[in-house]
Every structure is written in C-alpha cells, then in structure tokens.
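# Summary of structural features
Listed below, chain by chain, are the residues.
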Amino acid sequence: MSVIFLLIAASTLVAAVFLAAFVLAVRRGQYDDDRSPAVRMLSDDRPHTNATSLTSDLAPQKERGAIQ
Amino acid sequence: MLLTIVSPARDASGQFRAMKVKEVTTVTCYHCGDPCVEDHRTHDNKDFCCQGCEVVYDLLSESGLCDYYSLEKQPGVKQRNTVDEQRTELFDLPEVRERIVEFSEEGITRARFHVPQMHCSSCIWLLENLHRIEPAILRSRVSFTDKELVITFREDRFSLPHLVKLMRRIGYGPQLTAAPGSGKAPGVSHIMYIRLGVAGFIFGNTMMFSFPEYLGAGTEAGLKTGLQWLTILFSLPVVFFLSTDFFTSAWAGIRSRQVNIDQPIALGIVALWTRSLWEVFTGIGPGYFDSLAGLLFFLLIGRWYQTHTYRALRFDRALEDFLPLIVLRKNGAAEEPVKVADLKPGDRIIIRDQELVPVDVILRDGVGHIDNSFITGEPLATRKSVGETIRAGGRQRGAVIELEVLRSFADSRLKKLWAEQSRTLDRPVMPRLIDSVARRFTIAVLLISLGAALFWWGKDPAQVWPVVTAVLIVACPCALALSMPFAYGHTIRLMGKRGLFLRDAEVVERMAHIDTVILDKTGTLTAREAHEVQWHGAPLAAEDRTLVRSIARSSTHPLSAVLVHELKGGSVDAIEVEEVAGQGIQGTVQRTRVRVGSAAFCGHVEEHRTNGEAHVHITIGGLHRGHFSIRKRARQGIVDAVAQLGRRLRIGLLTGDAQVDADLAEAFVGGSMRTRCSPTDKAQFVRDEQAQGHRVLMVGDGLNDAGALAQSDVGITVTETSAALTPASDAIMDADAVAHLPHFLRMARSARRIVIASLCISLSYNITGVSFAVSGQLTPLIAAILMPLSSVTVVGFVTLAVTLVARRADHS
C-alpha cells in the first residue's frame, strides 16, 4: 500500500513535465495564431528545393570573396 | 438574407470579404467568384470575369499550384486598383524598408508584410507556397490572426519591389500600415494562457487528492497527511500567482472608494485559503483547497473568454494613419518620392487618380475633381481649376494633377481639424451593471455574515468563526462573475460573424442602454462608390446606350466612369473623340455624332437641378435626347432599417451635404435631421442630446464624424474600403451590415437581459449555499459540488440563450 506514495509522486512529476512543456509552448508563441496551423497540416509536404540550393550557393560566393 | 463573415479580411480593393449565400443564376468567375458580366473569358474550360483573374490562374497552374482552387471554392482576390497603392519602387526607400525588413545579411532578407486580404485556408496555403512560384523565395510563413506574412528570400537575386509586385499580381499586395508602434492590441497575452494552464493543472490534481477524503477511504495516516501537505503546496501558486489580478483590482477599488466585483471575489479567496489552512493545522478537516482551485480555474476561463479582440483591426487612429506615407515631388524634370512630413511650401507634387491630397495646395496643372466626402460629407466631387486651393484630405478622381504646396503638413487645416476632434472627450460615464450588482452583493454578504455571527455568538461561540468564514466562502460570486464575460464575450463573437466588430466586451452593455441613434449620410447611409443613375427623357434604345458608352469610355471624368459602369451593354470604337474639360466629350460612333456632357455642351437649357445630383445630358445626331441624373445610392435595406429603429428609438440624421434625398428624408420623419453640418456641429448635437439625458449611438465613416463618434456613448465606424480611413471608434461595421443595425441593438439588449436572468440563477445557488453555511453544515464536499455546478449551469445557460436569441432574430 505504501507504493501509492511512489505512484502519486511519479504521476505528479509527469503532469508537471507536461505543464512545463505547455508553458514553454506558450512562451514560444505557438498559441498566438490558432488558425494557420490547422490549415498548414492539410497541405502535402514537398521538398524545399530552394533551401537546399541555398547552402550550395553560399559556398562558391564565399570562395569568390565578392559581395554583390 | 443573412451575411456571414468568416474573418475581418479584405480583398485587393479593400472590400470586406463576406461569405454570402447567393443563388447562382449567372456564370461566376472560377478564380474570385464575381459574376462574369463584361469581360467574360473562357480558358481551360473555366470561366473568368476579367483578364486579371485569368492571368493569376495561368500563373498558378504553370507553377503547379492548382491546389489553391481545391481547398476552397473561388478563393481568389479580384484585381482592382487598390486605392492607396504605392509604387513598388518606393519599397526601396529606407523609411519603408525600416518598417518591413526584419533581417538582411549576405543576400538573404526576411521581411514582414501586412496582408489583410487573406481570409481562408486557400490564402494561407498559397502564401506559404510562394516558393513554388519564385525560386528566390526561400520560405514564407503566415500568421493568420494578425494577417501577417513573413517571407525569407534572396534579395540579391530578387529585389523587394519585385517581390511586392509578385504579391500584387496574385491579389495579395501588402499594405503599408501606418505609424509604427501604435499598433497591436495585446489580446490574449501569454501570461493568461500560462495562468489557465497552471489553474487547470492544480484544479485537476487537487480534486484527485481530495478523493480519498470524500470517498471515506481515510486509511493510513501517512497517506492522509502526505496528501494534505501536497495540497497545501499546490495552493500556494493559486493564491500568489493566479489571483494577483483580482487582488490588485480589489485594492484599486478600495483606494478609489468604489465597490467592484473583484472585492467579494478577493474576500472569498482569502476566506477559503485561511479557513482551509486553519482546518488542516488544527486537524479538524481537510480544508476547501479543491474549491479554491476550482474557483480560480472558472474565473480565469471567464476572463479569457471575455478578452476576445480582433488583432487585425485597429480601433484607435492617429492622423498619420489617414495619409499616404510618400508622395511624388517634382525636382526639375524628374519626380522623386518624399515623405509627406517633409513637404515645404512651394514644393510641386504630383497626385494621380484615386490618390489622397496630403497637404493644403494650389492647383497648378491639370483638372481637379476633388472628392471631399471624407472630410466634409459633400457627396459629389467638386471641380477645381488651375489657381484654386485644394484642402488636405480630398481625393482626386480624374487625371494626373500637379499641385503646389501651400502649407506644410504640420500647418494644414486637416491637422487643426483633427486636433479639434480629439479634444472633445467629455463623454458621460455609463455605470456598469456588474458594479452595481457587486455593491449590493457585498453589502448583503457582510450583513448576512454579521447576522450569523451574532446568532452563533449567542448560541455557541465556538462556531462563530467557522460560520462566518463559511458564509464568505460560499458567497464568493463565482457564477456571478462568469455570467457577464460569457454573455458579452459570446455576443461579441456572434456580432463579429455578422459584420460588427466590437473593441471590447463593455461596448455590448453600452449598446444595450442606447435610446438615440444618429446616422451620418454620405458613406454610411449611402454607399461611397455605388451610384443611382436615372434616365430622364424618351426611352433610349440599346443601340443608343451602346453609343453613349462608347463615347463615355474615352473620358476621364468620374461621372463618365459611373455611366460606363451602370449602363449595361457593349461598346464599340469611337473616332474623332474630343473632350472639352469641364463641359463634356463628343465623338463619332458608327457614323453618328454623339455628345455627352453638361446641358450647355449639349445645346440644351438647364432646368431645375436638385442639389446632390449631377446631370449628364446626351445629344445623339444633333438631337437632345434627355439626361441622366446621377446620385449616390442609399444602401440596400437601409430605409427599412431606419424605420425599424424609429419605432423603438429616437433617430437622427446629420450630414454635411446640403440636401437629403426624398426617400431617406421620409424615413427620418419624426426624428431629427440636420444638413450642412460641420464636424463641430455634429459633435455639439451629440453633446446636446446627452445633456438631456439621452444615450447616443453614432454611426459614421468619415473624418467629419470623428468628433461625434468620440463623444457618443457608442461610436460605430462603417467601412467598405481600406481600413486606414476610418476614425477612432468603439466598433467597426462592415458596409453590408449597416442595414442590420436594429438586429445588433436587439442582440445587445437581449444579452443584458440574459445576464440579469443568469444573475438570478447564480443568486439562487448562493442562497442555497448560504443556508448551508449559516446553519453550520457547509462541508468541503458540499462546497466542492456547489461551485462547479453553479458555474457550469450559468455558463451553459448564458451561451445557449445568447445563441438562440441571435438565431431567432436572424430569421425574423
């Protein structure tokens, strides 16, 4: 029966962790916009080809050393 | 027919986007949903209403973005000339970049745009897939509640003006919002969400810890004390973190010697906590910690629900909001952009069609057709010739004009007018229902506890403290404090769906007390851009109408544009077209000589002309056929709405115009009507009404209403185009919803009645609880049941009642 102390402690800890995660999410601004995330998840994820070309472009620029 | 608006968004011209229920009898555009009348095109088996929409469709289908059309039907934004569109090159200016660019390094720039046109999921989808149209765009992210778009792109490959041009092409051109910093309403702050989360956490856990006690499974002493200490630990944040707002508000009330609703709440919290601590330390009982946690949880939910604001709308205005940021100044032969604030007397500036004149000027070149309706309320444009003065704030409707600056912005009459309006703020204070209730409630509670104390002092002195604290606990007005946030908060949301956006919940209550409604004419009762065109003369055949349209199309006069728009039908090419400024236009169409213009130009003697009307005469083949009378059309349903208002309330019409049309005037019989009102006249009228003890609601839209709007108990601004041009007010109303004004007032009045009804319900709970408390039988279990029960009942009742009333009134 004394295991109940352990259980209470453990469950309270888990709940506290979730509370901390919630607080973190709020402070990072995840609750500021409640409409776009609902829509955003509906669209298919296509690879961001532009982003990958970014890194490959930067390297040659740095080598050239010229800033345009 | 009910209008529903999903969110306060605008399309390219600034029109509010409404999702209307309409019968489809005509072919509608695949892109934007407008009926295909004039320029009907077909492409790819789809219909488009104009070239603009077709072009956007092409662009999207080329880039493989046709999902735009599958997410929502007809999501497109129609390409219209935006009223305050700045040239894209202006986006290179440092002042403008400062406002937009957040980060720029090594060729990569991140910019934040305000895009009020976004209104649906298709918009969000498209704006976040911009990188598929233009590879130099790396990523874009939408914040829908703020209507903002943050784009990260390679500025070394794709300049900022180019980006703006692209956005305009697809119908989502950014709008430069005005003065920085004077901006966003806070709305629901982060702290509020955190408090809600903590409250829920503590409430749930504390309830759980109390279960063994309630269910009689007392058992081990170790468990009991362990849970008790845990509960005490959890109650600390409840009192010192969650309740701080209530304590500060209660204290502020005490210091200003006023009773507000937070004082009994604060008292209840303190009583609950101290009593519970005492019970635990003296080992008498488990305490009321679960009731305490529950109390805070429900109160915070009520607070959260009430602070629903529209972050994309702005209810406060600075004068700078009304004016363009940049204007073109002539520097020799070249034109350079310059800030309005930097204009000096003697500078020459260029103003084009639909642009606002920012300072007092003299016309030096071109013909001015200045629309002053925003400033003075005169409905039709006045003609200005070279050498005449033009006041700041007028809008040019016609060809390009060159102006010489007379006074700098700081000295302009507009600024003086604005300063006058802002001074009027001696609006009478309306007492809030909740405060008068709080007063009586607190007094009643104190009297009851005093009475109970005296009773038990005589009977069994040991019971005095327990009974008194029990009374204070159960008298805590949780349900009372919930009825108003939920009733008014829900009403705000329902009004928002129907086109009226309130600043905050208190406006609802003020609306419920209104007994006088005053309306402005130009722009409020009449639509700014819609005209009523009537033909006087022998009926015109279709061929004749085509002739007229063909000629009128080549004219730059604003009345010609109205004719072209209102006369349905085709047009053919006209030759030998000659326009005589200020007189009319003539030309040859299908070998017939046609003249369109003033009476003298068409060889006719002018008869009586009513004010507020423009006459355009037509001569075909040398024979005078008659004239069109053009005036601003009253909004649909407005006359009935006014009549409906007049049945119950006092009504009035204040206008800067010299005359009011017959049908409008008829609607105001029995009310007051004042013409030729200056802005100060309007504000004074409102003040006089208030001096007689009336509560005034003012509906207006222009700068000439700003003073009256601020002075009234409730000021509503009507807007149909760009939001930047509405004066400060308590509420913003979509132009289509003006005719629903009686409905909105009814909703507000019902909300108040529902609040009173729910106060009675919560009072009955309080009385039940107090009877338990006074007889010394208030156990923690009873308290823990009573409070959530009363809260849920009140909230459920209020929400249902408000929804039912709104729906019933919709159908009537």
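Residues numbered from 1 in each chain as written. Chains lettered and ligands numbered in written order. Predicted model: local features only at pLDDT ≥ 70, side-chain atom pairs only at ≥ 80, totals over all residues.

## A short note on the interface of chain B and chain A
The figure often quoted for interface size is the accessible area lost as the parts come together. Each partner contributes to the interface: chain B provides 24 residues, whereas chain A provides 24 residues. Elements with a minimum of two residues in the side of chain B that touches chain A: α4 (121-128), β7 (137-143), α6 (190-214) and α7 (221-242) of chain B. Ranked by residues supplied to the side of chain B that touches chain A, first place goes to α6 of chain B with 7 residues. (Contact = placed C-beta atoms within 7 Å. Helix = DSSP H or I, 4+ residues; strand = E, 2+ residues; numbered from the N terminus.)

## Details of the pairing of strand β29 (residues 714-719) of chain B
All names here are of chain B. For β29, a buried count of 6 out of 6 residues is recorded, marking the element as mostly surrounded by other parts of the structure. The alternating pattern of β29 places V714, I716 and V718 and G715, T717 and T719 on opposite faces, both of which are buried. For strand β28 (residues 696-700) and β29, the ladder comprises 4 bridges, and the chain directions are parallel. Note on β29: the bridge partner recorded for L697 is V714. Handedness of the crossover joining β28 and β29 through helix α21 (residues 706-711) is recorded here as right-handed. Across 4 bridges, the pairing between β29 and strand β30 (residues 731-734) is parallel. Bridge assignment links V718 to a residue of β30, and that residue is M733. (Buried ≥ 20, exposed ≤ 12 C-beta atoms within 10 Å, placed from the backbone. Pairing = 2+ DSSP bridges. Right-handed = clockwise from strand over helix to strand, strands pointing away.)

## Quick look at unusual backbone geometry
Residues and elements named next belong to chain B. Here the phi dihedral of Q590 falls at roughly 50°; this positive angle occurs in a residue that is not glycine. Structurally, Q590 is set in the loop between β22 (584-589) and β23 (592-597). A count of 13 C-beta atoms within 10 Å places Q590 in the partly exposed class. Its identity as a non-glycine residue notwithstanding, R676 has a phi of 55°, on the positive side. Mapping R676 onto the fold places it in the loop between β27 (672-674) and α20 (679-691).

## Digging into the packing of helix α9 (residues 262-281) of chain B against helix α13 (residues 464-474) of chain B
Residues and elements named next belong to chain B. It is the contact of α9 with α13, at a shortest axis distance of 8 Å, that shows an interaxial angle of 135°. Between α9 and α13, the angle is such that the two are oblique. Here the hand of the crossing between α9 and α13 comes out left-handed. On α13, the residues touching L267, G268, A271, L272 and R275 of α9 are T469, L472 and I473. (Axes fitted to C-alpha atoms, helices over the stretch in contact; angles between N-to-C directions. Parallel < 35°, antiparallel > 145°, perpendicular 65-115°, else oblique. Left-handed = near helix turned anticlockwise from the far one by under 90°.)

## What to know about the domain arrangement of chain B
Taken domain by domain, chain B consists of domain 1 (190-309 + 432-487 + 749-811), domain 2 (324-357 + 360-406), domain 3 (511-527 + 635-744) and domain 4 (529-633). Distance between the C-alpha centres of domain 1 of chain B and domain 4 of chain B: 73 Å. (Domains from an automatic or database assignment.)

## Focus: helix α22 (residues 741-774) of chain B
Counted at 1.5 Å a residue, the expected span for α22 of chain B with its 34 residues is 50 Å, and the 49 Å between its end C-alpha atoms agrees. One or two steps after α22 of chain B, the chain reaches G776 of chain B, where phi turns positive at roughly 75°. (Expected span 1.5 Å × (residues − 1).)

## Concerning the pairing of β22 of chain B
Residue and element names in this part refer to chain B. Counted residue by residue, β22 has 5 buried out of 6 residues, so it is predominantly covered. When strand β21 (residues 575-580) meets β22, the two strands line up antiparallel, connected through 4 bridges. Its bridge partner lying in β22, E578 is registered against Q586. Across 6 bridges, the pairing between β22 and β23 is antiparallel. In the sheet register, G584 faces β23, and the bridge partner there is G597. With antiparallel pairing between neighbouring strands as the criterion, β22 and β23 make up a hairpin whose turn holds 2 residues, including Q590 at a positive phi of roughly 50°.

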